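Breakdown of the fold
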Amino acid sequence: MIIKPRGTSDILPKDSPVWQKIEETARDTARIYGYGEIRFPTFESTELFARGVGDTTDVVQKEMYTFSDKDGRSMTLRPEGTACVVRSVIENGLAGEAMPLKLYYFTSCFRYEKPAAGRYREFYQFGTELFGAETPASDAQVISLADTLLNRLGIRSDLKINSIGCKACRPKYREALISYFKQYEDRLCDTCKGRLQTNPMRILDCKSPICKEIAANAPKVTDYLCPDCASHLEATKALLDGMGIKYEVDPGIVRGLDYYTKTVFEFIAPIDRDSKTDEIKRLTICAGGRYDGLVEEIGGPRLPGIGFAAGMDRLVAAMKFSGREVPASEAPAVYIAPLGQRASAAAQKLIYDLRQKGVYAECDIVGRSLKSQMKYADKTGAEYTVIIGDNEIDTGSAILKNMKTSEQCEIKLDNLYEVITKR
Ligand code: ATP
Ligand code: MG
């Protein structure tokens, strides 16, 4: 048997309705915030991610699916969407249009990670990016978009925000971190030993328990912000307060990608309960921040940006865990059971006409007996059934049965559409 690669998933029809519900709600939320959809390639030049996401990040160092194409060019399956959007914005000249530019996307991402609950090698994201505004107002709007989406989905989450500073204040903070972590260098995990020189802020994001314990008392970025970054954070907080959006400032939020500046944020939600320990597993379901230097880094003009990505797989898990009723597959409005060959052709024509009008209708195509057709119709959850044989075709009328109430009535077959849609 051929099996799927580790860390990938098949999303089956029984699970699709909840995905579709999230996609529809996300699309609609993007609409009311004035975002347009962007789609981009599945693979890009490796250089885009090396430059955009950053050479020293876990994503670029360990997690990318990189390959040479037949011409020997290095290509990479996208590990995230923001760098792709920025590339597209620059390449298509969107940076020259009226600002703000607001874009959203649905995309799959590929990262070579150790698979676990909520952590896959191919996963799905809904993402938004806003360009051309550097104000705290734009931060507040982007955060409120994510908040609105989660509220509309009935997902209860905690919002954590932070500022990771800018080019002006980060070097001083970096020095403070290096001297703090140097004291504990022997105890840090091997990856963090390396991070100490290349990217000490990333140690704050390490998932190893010892590094987490050491990081708990590390200098806080909020004590090192320059006046501009500090007042930006305060103004953003005030706007969130004004909208009544609850948050906690958590100086430990640093994000896994290099391009972030100033405001960063995460929404954390319960997604699962451990069956042995009964412990509730909480994961980041949506994460983002401001990236004022990224467009320039990738070769475009100076253009500030801010966005987030929500992990679709985790939204699905969070929505199921929230206990809110998740949508089920749709049942046919009507199931037509034909008796004999002539009726079979007539049934095809009847459901063809209904389907032309957008009605979900079914008839037998397997060749079942009448008894097993009725059993099958019941299993599909069909609202109505109609049995047709030669007699029904000749008279043009048949018995319509309401499967829930078992009520029956005679109808003209020509009126089938009107009868079953008049509810
Ligand atoms: P984490 O800290 O969980 O590794 P990250 O910082 O790598 O997350 P981002 O690159 O910011 O994550 O991606 C945004 C969102 O995409 C995350 O908040 C999460 O919901 C989702 N996500 C990230 N990696 C995975 C994965 N391997 N499988 C499923 N979802 C993921
Ligand atoms: Mg990660």
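Residues numbered from 1 in each chain as written. Chains lettered and ligands numbered in written order. Predicted model: local features only at pLDDT ≥ 70, side-chain atom pairs only at ≥ 80, totals over all residues. Heavy atoms only, no water.

Evaluation of the coordinates by the stated rule reveals 26 salt bridges. A salt bridge links Glu134 to Arg302; its shortest N-O distance comes to 3.1 Å. On the criterion of sequence distance, the pair formed by Glu134 in the loop between β6 (122-131) and α5 (136-153) and Arg302 in the loop between α10 (294-297) and β11 (305-311) is long-range, its members being 168 residues apart. Put simply, Glu362 and Arg355 hold a salt bridge, and the shortest N to O gap is 3.4 Å. On the accessibility criterion, Glu362 (22% relative accessible area) is partly exposed. What emerges from the salt-bridge pattern is a single network uniting Lys14, Asp15 and Lys320. (Salt bridge = Lys/Arg side-chain N within 4 Å of Asp/Glu carboxyl O. Helix = DSSP H or I, 4+ residues; strand = E, 2+ residues; numbered from the N terminus. Buried < 20%, exposed > 50% of the residue type's maximum accessible area, 1.4 Å probe, protein only.)

Taking 1.5 Å as the rise per residue, helix α9 (residues 227-243) with 17 residues should run 24 Å; its terminal C-alpha atoms sit 25 Å apart, in good agreement. Considered for burial, the residues of α9 that qualify are Cys229, His232, Leu233, Thr236, Lys237 and Leu240. One face of α9 carries all of its buried residues, which in axial projection span an arc of 130°. Across α9 from its buried face, at more than 90 degrees, point the exposed residues Pro227 and Gly242. Taken together, the buried residues of α9 touch α5, β7 (158-163), β8 (248-249), β9 (261-273) and β10 (280-290). Phi turns positive, to about 80°, at Gly244, one or two residues after α9. (Expected span 1.5 Å × (residues − 1). Arc of directions from axis to C-beta. Contact = heavy atoms within 4.5 Å.)

If you check the shell around ligand 1, you find 16 residues, and the closest are Arg111, Glu113, Arg119, Lys207 and Arg255. Within the side chain of Arg119, a nitrogen or oxygen atom sits 2.8 Å from an oxygen atom of ligand 1. Gln125 is positioned with one of its side-chain polar atoms (N or O) 3.0 Å from an oxygen atom of ligand 1. For ligand 1, whose free accessible area comes to 590 Å², the fraction covered by protein is 94%. Within the residue set of the shell around ligand 1, elements represented by two or more residues are β6, β10 and β11. It is β10 that contributes the most residues to the shell around ligand 1, 3 residues altogether. The residue inventory of the shell around ligand 1, partitioned by class, reads 5 nonpolar, 5 polar and 6 charged. (Near = heavy atom within 4 Å. Polar contact = N/O pair within 3.5 Å; in protein donor to acceptor, adjacent residues only side chain to side chain. Areas by Shrake-Rupley, 256 points an atom, 1.4 Å probe, with all protein chains shown as cover. Nonpolar A, V, L, I, M, F, W, Y, C, P; charged D, E, K, R; others polar.)

With that settled, the discussion passes to the packing of helix α6 (residues 170-182) against helix α7 (residues 190-198). Axis separation between α6 and α7 bottoms out at 9 Å; the angle between their running directions is 145°. Classified by chirality, the crossing of α7 by α6 is left-handed. For the pair α6 and α7, the contacting residues are Arg174, Ile178, Phe181 and Lys182 in the first and Leu196, Gln197 and Thr198 in the second. Residue composition of the contact of α6 with α7, by class: 3 nonpolar, 2 polar and 2 charged. (Axes fitted to C-alpha atoms, helices over the stretch in contact; angles between N-to-C directions. Left-handed = near helix turned anticlockwise from the far one by under 90°.)

Mapped onto the fold, Thr25 is located in helix α1 (residues 16-32). Apart from residues no more than four positions distant in its own chain, Thr25 is found in contact with Leu149, Arg152 and Leu153.

A word on the environment of Gly252. Along the chain, Gly252 turns up in the loop between β8 and β9. Gly252 sits in the partly exposed class, given a relative accessible area of 33%. Separated by 148 residues in sequence, Gly252 and Leu400 place their C-alpha atoms 64 Å apart.

In terms of nonpolar packing, the biggest core is built from 91 residues, with Phe131, Ile155, Phe181, Leu204, Phe267 and Ile285 touching the most fellow members. Among the elements that line this core, the one with the most residues is α5, at 8 residues. Residues in contact with Ile285, not counting those within four places in the same chain, are Leu150, Ile155, Ser157, Phe267, Ala269, Ile271, Ala309, Ala310, Gly311, Arg314, Leu315 and Ala318. Formed by 21 residues, the second largest nonpolar core is a distinct cluster that contains Ala343, Ala347, Val386 and Ile411. (Core = buried A, V, L, I, M, F, W, Y, C linked by side-chain atoms within 4.5 Å.)

Here we take up unusual backbone geometry. Trans is the common state for peptide bonds, and a negative phi is the common state for residues other than glycine. Each neighbour pair has its own omega, and for Met99 with Pro100 the value is 5°, a cis peptide bond. Relative to the helices and strands, Pro100 is located in the loop between α4 (82-91) and β5 (101-110). Backbone geometry at Lys262 places phi at a positive 50°, although glycine is not the residue there. Considering the arrangement of structural elements, one finds Lys262 in strand β9. Positive phi, close to 65°, is recorded for Ser406, a residue that is not glycine. With respect to the helices and strands, the residue Ser406 is situated in the loop between β15 (397-402) and β16 (408-412). Judged by relative accessible area, Ser406 falls into the partly exposed class, the value being 44%.

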